[in-house]
Amino acid sequence: MEKLLEIRGLTTEFVTSEGAAKAVDGVGFDIGAGETVGLVGESGCGKSVTALSIMRLVQYPPGRITAGSVMMDGRDLMKLPEKQMRRVRGNDISIVFQEPLTSLNPVFTCGEQIRETIALHQKMGRRESRLKAVEMLRLVRIPDPEKRYDNYPHQMSGGMRQRVMIAMALSCQPRLLIADEPSTALDVSVQAQIIELLLDLKERMGMSVLLITHDLAVVAQMADRVVVMYAGAVVEEAPIDSLFSDPMHPYTEGLMASIPKLGERLERLPVIPGNVPDPLRLPSGCRFSDRCTKRIPKCLIEEPPLFSPAAGRLSRCWLREGIGR
Amino acid sequence: MAAFLLRRILQSLVLVWIVLTITFFLLHLAPGDPMARYEHPDISPETVMKMRGQLGLDRPVIEQYFIWAAGFARGDFGVSFRYNRPVGEILAETIPNTLRLTVASMALYVLFGLALGMMSAARRYSAFDRLNTIVALFVYSIPSFWLALMLIMLFSLKLGILPSSHMQSLDSASMSGIPLFLDRARHLVLPAFVLGVASAAGLARYMRGSMIDVLREDYIRTARAKGLPERSVLLKHAFRNAAIPVVTILGMSLPFLLGGAVIVEKIFSWPGMGGLMVEAIYTRDYPVVLAVNFVVAVMVILGNLLADTGYAVLDPRIMSKETGR
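Position labels on residues start from 1 in each chain and follow its written sequence. All chains are assigned letters beginning with A, and all ligands numbers beginning with 1, in the order in which they are written. Confidence filtering applies because this is a predicted model: local features only for residues at pLDDT of at least 70, side-chain atom pairs given and counted only at 80 or more, and all residues used for totals across whole chains, interfaces and linings. In computing side-chain properties, one takes all heavy atoms of the structure into account and sets aside hydrogens as well as water.

**Student:** Teacher, can you tell me more about the interface of chain A and chain B here?
**Tutor:** The figure often quoted for interface size is the accessible area lost as the parts come together. Contacts are assigned to residue pairs with any non-hydrogen atoms lying within 4.5 Å of each other. In this complex, chain A contributes 28 residues to the contact, which on the side of chain B involves 22 residues. Between chain A and chain B, the buried area comes to about 2200 Å², and carbon and sulfur atoms account for 58% of it. The salt bridge criterion pairs a side-chain nitrogen of Lys or Arg with a carboxyl oxygen of Asp or Glu, the two atoms within 4 Å. The tally of links between chain A and chain B comes to three salt bridges. Where Lys226(B) meets Glu116(A), a salt bridge forms, and the shortest distance between an N and an O atom there is 2.6 Å. Contacts described as polar in this section are N or O atom pairs within 3.5 Å, which, within protein, must combine one atom able to donate a hydrogen with one able to accept it, while residues neighboring in sequence count only if both atoms come from side chains. Between chain A and chain B we count 13 residue pairs in polar contact (both at pLDDT 80 or more) in total. Mapped onto the side of chain A that touches chain B, the elements with two or more residues apiece are helix H3 (110-122) and helix H6 (158-170) of chain A. Helix and strand definitions follow DSSP, with helices as H or I runs of at least four residues and strands as E runs of at least two, each counted in order from the N terminus. Sort the elements by how many residues they give to the side of chain A that touches chain B and H3(A) lands first, with six residues. The residue makeup of the side of chain A that touches chain B, split by class, is 13 nonpolar, ten polar and five charged. Buried area: the accessible area, evaluated with a 1.4 Å probe, that two parts lose upon being put together, summed over both parts. Lys, Arg, Asp and Glu make up the charged group, whereas Ala, Val, Leu, Ile, Met, Phe, Trp, Tyr, Cys and Pro make up the nonpolar group; the residues left over, Gly among them, are polar.

Printed below as a string of structure tokens:
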């Protein structure tokens, strides 16, 4: 598959009173053209910061990208002058955020907020961009789009607002859509509709998607490949099918085990013991060692690199050392 | 919108009437007598009594109130005790002068307040922001009469580049067109600066705080993610939201500017309502005090009405609450 995006060694730090916390610590993975990559992990593992770092939207202070590269079309986005980076945002790469309720500006109509993006990148006049914006509202299946164009965000439901966000993100036919927990803040029934819509639009428009979620069910439904993050680092990467059938990192196994299964009666759902470590106080050796059930002595001493135990698979676990490298 | 305005105007009329009634009785309760300045060995007590009768001051206060109120309702402000001229005539001469000063200082106030506040917020914690904060607090803490005297000392006495008092030069009668305009503008600089820019320091602090709050919002991140240049993010997406709470401050600051005008007019010998009011209070010139009070009350209420209207125009959520949508 042709690569669209190559992320290497991406590191983003946040300045705190106790020192610099690495929210994203040397993250690297590829996104192929037309591919959907799921980025999975617990809250606070650095998924969203990774997404914001790719678009260089981390606010300084306190955040700062300190290392790494993101290659697209032979250019390193991290080194692009700000003016050229603005042409990438919303045009080549766009993003749908988790909170549809607060991500739209309350004092402008929904239509205007989409129109503005189109006018900015496609050099269209007011009338032309308005027509295109109405078309986008229709594409995300908002009923009566001409009328809804003039609605303010507070006149729409959460699901409708997320559709507006998606319409805005797709309005310039981006080659990569980053969807940061696009359905998490919505009602369960609406969640399914939004995922359905994203699947359909992806099919039609053929863009790549970086889907960020903590919901493995959503990943199973949408992603071709999965990247699992823990405490700021990639711990496992695998094609979707083999990840579920044969997880190769104890953290991924723990995540799988904690999904309730139909037809199975359990007193208690298995959980991963402990909490995600504070990025300022990572355990020595492997960053998962303090919570790992399969820990060996080496895990406490040295941080494992990413091993490749099988074709297309990566695991940051000493237990996979030397197997099929 | 029209119904909203009509209701507010009717409420305001009632309010103005109550304010004037209270003022009327307070004035009559206060010690002092409009005829006190005729107590002179050469004027016989009988003459003073006769004058008292002519002005209606010998009647019971309640009766005086109804006579005054009946005239007032017909638009007759009465005759000044001191100048022996219709109050309406005196007001027609002084109101435009005060308005010129107030409008000029309001313009400086809004311009400096909003611009400095926004620039400070956009470059938070920069050298510019720190300098701005120090200067703002310094100017804010200075009493305006002292600032006025210092500026007169510097610009009029030491440097001799700006006039220290009056609205125009003595020989302005021979001027017209651009020279006249420039002459008047030169006279306006110092009083408008004292009144407007000194109060702008407070407004700038509010604007800075409001802007910093707004810049943290998710929709600002969305605007940046679209690829909008920082200028549009600040001036379009952030400004309108940040201005909403500040508009209330603007409406409330009109009475402060008018109140400040009383002192500033006195210092700069500005032939406006402020000076008139001070003289009228000293000499117990009841009709003038009441008429000036009326004008000030109307301006204050107008300021608040403008603020409320501005509020509704800026924030679509308010209008939909009003109309119950």
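**Student:** What should I look at first to understand the environment of Gly285(A) in this one?
**Tutor:** The topology assignment puts Gly285(A) in the loop between helix H10 (250-257) and strand E11 (314-315). In this view, Gly285(A) contacts Cys299(A), Leu300(A), Ile301(A), Glu302(A) and Glu303(A); residues no more than four positions away in its chain are not counted.

**Student:** Explain the packing of helix H5 (residues 127-141) of chain B against helix H7 (residues 177-215) of chain B to me, please; I cannot follow it from the model alone.
**Tutor:** If you want to describe how two helices pack, look at the angle between their axes and the distance between the axes. Residues and elements named next belong to chain B. Orientation is described by axes fitted as lines to C-alpha atoms, over the contacting stretch for helices, and by angles from 0 to 180 degrees between their N-to-C directions. Remark: H5 packs on H7, axes separated minimally by 8 Å, with the N-to-C direction vectors making an angle of 135 degrees. With respect to their mutual orientation, H5 and H7 come out oblique. You can see that H5 and H7 cross each other, and the crossing is left-handed. Listed contacts from H7 to Asp129, Thr133, Ala136, Val139 and Tyr140 of H5 are Val197, Ala198, Ala201, Gly202, Arg205 and Arg208. A class-by-class count of the residues in the contact of H5 with H7 yields six nonpolar, two polar and three charged. The cut-offs work like this: below 35 degrees is roughly parallel, past 145 is roughly antiparallel, 65 to 115 is roughly perpendicular, and the gaps in between are oblique. The crossing is said to be left-handed when, going from far helix to near helix, the turn is anticlockwise and less than a right angle, and right-handed when the turn is clockwise.

**Student:** Would you mind showing me how to read the sheet that holds strand E2 (residues 19-32) of chain A here?
**Tutor:** Residues and elements named next belong to chain A. Taken in spatial order, the four strands of this open sheet run E2-E1-E4-E5, and their pairing is antiparallel. Of all the strands in the sheet, the pair left with one neighbour each is E2 and strand E5 (75-76). Alignment of strand E1 (residues 3-16) against E2, held across ten bridges, turns out to be antiparallel. From the neighbouring strand, Glu6 faces E2, where its bridge partner is Asp30. Helix H1 (residues 47-54) contacts E1, E2 and strand E4 (63-72) of the sheet and is inclined by roughly 115 degrees relative to E1. For two strands to be treated as a pair, DSSP must find at least two bridges joining them.

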